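Overview (structure and organization)
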Amino acid sequence: MTHNLYCRKYTYLVILIISAVLSGCHPCSVIQCENWVSSIAYTDKTGNLYIDIKNKGTYDYAELTSISISKTTTNNDSEGFWAAWGRQPVEQVIHGNYFPIQYGKQTELIDPYIPAKKITNGRYQILGFVIFYKNGEKYPTNIKGEFIYQNGSINNINN
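Here's a quick rundown of the structure. (Residues numbered from 1 in each chain as written. Predicted model: local features only at pLDDT ≥ 70, side-chain atom pairs only at ≥ 80, totals over all residues. Heavy atoms only, no water.)

With that settled, consider the pairing of strand β7 (residues 122-134). The sheet contact formed by strand β3 (residues 61-72) and β7 spans 11 bridges and is antiparallel. Counterpart to Ser68 in the pairing with β7 is Leu127. Bridge count for β7 against strand β8 (residues 137-150) is 13 bridges, and the pairing is antiparallel. Each residue of the ladder has a partner; that of Tyr124, found in β8, is Phe147. Hairpin connection between β7 and β8: a loop of two residues separates the two successive antiparallel strands, and Asn135 in this loop has a positive phi of roughly 50 degrees. (Pairing = 2+ DSSP bridges. Helix = DSSP H or I, 4+ residues; strand = E, 2+ residues; numbered from the N terminus.)

As structure tokens, then:
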């Protein structure tokens, strides 16, 4: 059991690093990778969970590279609850369709690689990479956020 948790934890790390490289965040572009943007979680009237990015309106659109949601456990480990890759659109005419992202849902632009687990009460962390576009320029950026889910309510932390 411990070995399985250890492997899962480092698998997420490897996936995030690969996503960083694919999005342009690598040692040669460390300045771009220092950019962090807050993500937020919310639920709609039917209880669906969504992930969005604060201040995304300052860019023309945001393209998802990767995202993962993990639950923090009492001993500061984390348990993966969902992870997904963003698919490259065939044509860049689908501007803005990546966010907000519905938790666990596969779309023409979002391809889950770790199936979504049922969200239960607890503290969760959001990590990922996006590429913002403005005036034809690319801005690879990390996204992060934390929230507490309690009986269907969301409380975003430090966002």
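Right, picking up where we left off after that structure.
Under the defined criterion, the tally for this structure stands at three salt bridges. Here Lys56 and Asp52 are joined by a salt bridge, their closest N and O atoms 2.8 Å apart. Classification of Asp52 as buried rests on a relative accessible area of 12%. Residue Lys117 pairs with Glu79 through a salt bridge whose shortest N-O separation is 2.8 Å. Of this pair, Lys117 sits in the loop between β6 (110-114) and β7 while Glu79 sits in strand β4 (residues 78-86), placing them 38 residues apart in sequence. Take Lys117: its relative accessible area is 31%, and that puts it in the partly exposed class. Judged by relative accessible area, which is 26%, Glu79 ranks as partly exposed. (Salt bridge = Lys/Arg side-chain N within 4 Å of Asp/Glu carboxyl O. Buried < 20%, exposed > 50% of the residue type's maximum accessible area, 1.4 Å probe, protein only.)

As for its placement among the helices and strands, Arg123 is situated in strand β7. The class of Arg123 is partly exposed, set by a relative accessible area of 34%. Leave out the neighbours within four places in its chain, and Arg123 touches Ser70, Lys71, Thr72, Glu146, Phe147, Ile148 and Ile157. At a separation of 2.9 Å, a polar atom in the side chain of Arg123 contacts the side chain of Glu146. (Contact = heavy atoms within 4.5 Å. Polar contact = N/O pair within 3.5 Å; in protein donor to acceptor, adjacent residues only side chain to side chain.)

Limitation: the analysis is restricted to geometry and does not speak to function.
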